[in-house]
Amino acid sequence: MSNLKVYNSYSRQKETFVPLTAHHVGMYVCGPTVSGESHLGHARGFITFDVIYRYLLYLGYKVRYVRNITDAGHFEEEGREAEDKISKKAVIEKMEPMELVQKYSNLFHWAMKQFNNLDPSIEPTATGHIIEQIEMIKKIIAAGYGYAVNGSVYFDVKKYADHYPYGKLSGRKLDELLETTRELESQEEKRNRQDFALWKSASPGHIMRWNSPWGDGFPGWHIECSAMSTKYLGTEFDIHGGGMDLMFPHHESEIAQSVICNHHVPARYWLHNNMITINGKKMGKSYNNVITLTDMFSGNNPLLAQAYHPMTIRFFILQTQYRSTLDFGNEALQAAEKGLTRLWDAYLELGKMTSDPGKLINPVIENQFNSLCREFDDFMNDDFNTAKVLANMFVLVNHINSFRSGDLEKTTLSPETLSYTQTQFKNYLEDVLGLTNRTGTGPDRLGSIMDLLIEIRREARAKKDYQTSDRIRKQLLEIGILLKDEKDGRVSFTLE
RNA sequence: GGUCAUGUGGCCGAGUGGUGAGGCAUAGGUCUGCAAAACCUUAUACGGCGGUUCAAUUCCGUCCAUGACCUCCA
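First things first, this report covers the structure right here in the doc. (Residues numbered from 1 in each chain as written. Chains lettered and ligands numbered in written order. Predicted model: local features only at pLDDT ≥ 70, side-chain atom pairs only at ≥ 80, totals over all residues. Heavy atoms only, no water.)

## Remarks on the protein's contact with RNA strand B
Consideration 1: Trp221, Gly243, Leu246, Lys282 and Asp327 are the nearest of the 65 residues found near RNA strand B.
Consideration 2: Close to the protein, within 4 Å, the atoms of RNA strand B are drawn from sugar and phosphate at a rate of 70%.
Consideration 3: Here a phosphate oxygen of RNA strand B sits 3.1 Å away from a polar atom, N or O, in the side chain of Thr320.
Consideration 4: Sorting elements by how many residues they give to the surface near RNA strand B places helix H13 (residues 386–405) first, with nine residues.
Consideration 5: Of the residues in the surface near RNA strand B, the class split is 20 nonpolar, 26 polar and 19 charged. (Near = heavy atom within 4 Å. Polar contact = N/O pair within 3.5 Å; in protein donor to acceptor, adjacent residues only side chain to side chain. Helix = DSSP H or I, 4+ residues; strand = E, 2+ residues; numbered from the N terminus. Nonpolar A, V, L, I, M, F, W, Y, C, P; charged D, E, K, R; others polar.)

## Focus on empty space enclosed by the protein
Over the atoms a probe the size of a water molecule is rolled, and this reveals where empty space is left.
Consideration 1: A full pass over the atoms with the stated rule returns two cavities of 30 Å³ or more.
Consideration 2: Computed from the structure, the largest cavity encloses a volume of approximately 80 Å³.
Consideration 3: For the largest cavity, the full set of lining residues is Arg44, Thr48, Val51, Ile52, Ile317, Leu318, Thr320, Gln321, Tyr322, Phe384 and Thr386.
Consideration 4: Within the residue set of the lining of the largest cavity, elements represented by two or more residues are helix H1 (40–58) and helix H10 (310–318). (1 Å grid on protein atoms, 1.4 Å probe; cavity = no way out; pocket = protein on both sides within 12 Å on 5 of 7 lines; lining within 4 Å. Points joined across faces, edges and corners; volume = space filled by probe spheres on them.)

## A word on the pattern of salt bridges
Consideration 1: Overall, the coordinates contain 19 salt bridges when judged by the stated rule.
Consideration 2: In this structure, Lys484 and Asp345 form a salt bridge, with 3.5 Å as the shortest nitrogen-oxygen distance. With Lys484 in strand E16 (residues 481–485) and Asp345 in helix H11 (residues 330–352), this residue pair connects regions lying 139 residues apart in the sequence.
Consideration 3: A residue is classified by how much of its surface remains accessible, and Lys484, at 29% relative accessible area, is partly exposed.
Consideration 4: Of the charged contacts in the structure, one is a salt bridge between Asp485 and Arg457, with a shortest N-O distance of 2.8 Å. Of this pair, Asp485 sits in strand E16 while Arg457 sits in helix H15 (residues 444–462), placing them 28 residues apart in sequence.
Consideration 5: The class for Asp485 is partly exposed, based on a relative accessible area of 37%.
Consideration 6: Residue classification places Arg457 among the buried positions, given a relative accessible area of 3%. (Salt bridge = Lys/Arg side-chain N within 4 Å of Asp/Glu carboxyl O. Buried < 20%, exposed > 50% of the residue type's maximum accessible area, 1.4 Å probe, protein only.)

## Considering the side chain of Ser402
Consideration 1: Its location among the elements puts Ser402 in helix H13.
Consideration 2: Reaching out from Ser402, the side chain makes a polar contact with the backbone oxygen of Asn398 at a distance of 3.0 Å.
Consideration 3: Those residues in contact with Ser402 that sit more than four places away from it in its chain are Asp407, Leu408 and Glu409. (Contact = heavy atoms within 4.5 Å.)

## Quick word on the packing of aromatic side chains
Consideration 1: This structure, assessed with the given rule, holds 25 aromatic pairs.
Consideration 2: Ring centres 5.1 Å apart and planes at 65 degrees place the aromatic pair Tyr58 and Tyr428 in the edge-to-face group. Of the two residues, Tyr58 sits in helix H1 while Tyr428 sits in helix H14 (residues 415–432), which places them 370 residues apart along the sequence.
Consideration 3: Overall, Tyr58 belongs to the partly exposed group, its relative accessible area being 28%.
Consideration 4: Look at Tyr347 and Phe425: their rings are 6.0 Å apart centre to centre, the planes differ by 15 degrees, and that puts the pair in the stacked class. In this pair, Tyr347 is assigned in helix H11 and Phe425 in helix H14, connecting sequence segments 78 residues apart. Take Tyr347 and Phe425: they sit in the same class, and that class is buried.
Consideration 5: These aromatic residues form a ring-pair network of at least three members: Tyr55, Tyr58, Tyr322, Trp344, Tyr347, Phe376, Phe384, Phe425 and Tyr428.
Consideration 6: Against the face of Tyr145 rests Lys159, its NZ or CZ located 4.9 Å from the ring centre.
Consideration 7: Above the face of the Phe248 ring, Arg172 is positioned so that its terminal group lies 4.4 Å from the ring centre. (Phe/Tyr/Trp six-rings, centres within 6.5 Å; stacked < 30°, edge-to-face > 60°. Lys NZ or Arg CZ within 6 Å of the ring centre and 35° of its normal.)

## Observations regarding the side chain of Ser414
Consideration 1: Considering the arrangement of structural elements, one finds Ser414 in the loop between strand E15 (411–412) and H14.
Consideration 2: On the basis of relative accessibility, which here comes to 7%, the residue Ser414 falls in the buried class.
Consideration 3: Side chain to side chain, Ser414 and Thr417 meet in a polar contact 2.9 Å long.
Consideration 4: Filtering out sequence-adjacent residues up to four positions away, Ser414 remains in contact with Ser355, Ile361 and Glu366.

## Some thoughts on the environment of Asn289
Consideration 1: Locating Asn289 in the fold gives a position in the loop between strand E12 (281–282) and helix H9 (293–298).
Consideration 2: Considered as a pair, Asn289 and Glu96 are 193 residues apart in the sequence and their alpha carbons are 28 Å apart.
Consideration 3: With near-sequence residues (within four places) excluded, Asn289 lies in contact with Ile278, Lys281, Lys282, Met283, Gly284 and Leu303.
Consideration 4: Of note is the side chain of Asn289, whose polar atom sits 2.9 Å from the backbone nitrogen of Gly284.

## Let's talk about unusual backbone geometry
Consideration 1: Here the bond from Phe248 into Pro249 is cis, since omega is 0 degrees, no more than 30 degrees from zero.
Consideration 2: Relative to the helices and strands, Pro249 is located in helix H8 (residues 247–262).

## Some words on the sheet that holds strand E11 (residues 276–278)
Consideration 1: Ordered in space as E12-E11-E13, the three strands form an open sheet in which the pairing is mixed. Every other strand in the sheet has two partners, leaving E12 and strand E13 (326–328) as the edge strands with one partner each.
Consideration 2: By the bridge criterion, three bridges tie E11 to E13 in an arrangement that is parallel. Each bridged residue has a counterpart across the sheet, and for Ile276 the counterpart in E13 is Leu326. (Pairing = 2+ DSSP bridges.)

See the structure below:
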């Protein structure tokens, strides 16, 4: 049994994580709506839950990680002409809705790969589960909590709130909602303003439509997650994740639907990642401050000073706790870029380190290494505090470099400590945090060429032919390769 | 307007009732043919005002500011 504690939005406190079934975890995370390109904000959520998934695996759990693809589209705005997002955009781009879905699904998957996110165990689509959604709506109606009007079906929130704690997750009270819910045209169909749609009748021109007991239409925007999470994880599962902005009404509605159908709040632990902000404002379409992931990778956006490698972005995101907001800024991204390079270089150095029997073992340093590494576990167990793990790593980076060219030159690590450090670094840096070498793998051929150039330069320098040696370094720099003369006489290089 | 968050040094950010997380930047130094890297040193940071306390950035109150949700939203 691990000592993992997670912050549960549902109880508003950190709780010890105890899975429903020993050694197994069921986790559902709200996935992307593939009506457009994912942006930096989306990436944060998916990277956050990827690390959570990875950590659960690292702890030895068998995890079923379900992340949906929303491809059925929801209505643009309740009460306006029922027009789902996906079909609307398709008309603009003159594409079939499913063509659009395919395009953005592919792009999404490509971006997830760039970030080194693991694939979920199951990635169900909303359109592939229309039947399950209809069945669920039928059950809700049969239970007396749904009602059909003009081909649409609504959830009776007021009735639900009379019997169950509606609004517990988001901290909302029905009375307040009554006062603040906006006046919208189609409200007259609903019994109460705060009722939400389970099924929407499709107007004749609507492209995406399915037959149902209530006529042609499409599912409401909360029912898909309820239907798919129930299907693949059961009526009650362990973790439900998503962005904080989904708490209300999305997750609140999911809870209501599941309580009626399955007699359970669907998940025991509700985890929510915070937003990425840009100049203090949430990144989002409505604010017109979106930086898409392809923009991030290419630097092609007025807000970007340069392109950023996916790993830089991943590292940037993991340097903060997932429940805090994270403010975008070029300066911060550039800092992350440099920090990651230093971290990775030291990690490679650590891999090459050996315990030197001829040198002294410093007990203070031994202790530091051991406790800093051991704390990785504690920090992750404390609601996935990746920021603190990385902070400890950097303290170790400093020491690792010191063994080579600093204060610790005359000392060594014991074989046990060295091996433990190497293992912990590998496990956490690569497996849990999911970071990879930015320069990519296998610079083998390049390595050979570099060896040659380095050798020529070495000979030139030996002859004090600095004109040649500088020319080699200068011209390599021009094509993005930086040579470094290490203190111990070796020459290393890094790719920009 | 309602509800809930947040406010940390040039930037991004951890965190804690009492010993200055960490990254980047800055300044000085070591090393070096030069450069880079690395290492050493380098900040009297916790929105304002009260209160509790031996002690508050950390708890409480209040004010100010910003943001999120209340509508699609990671």
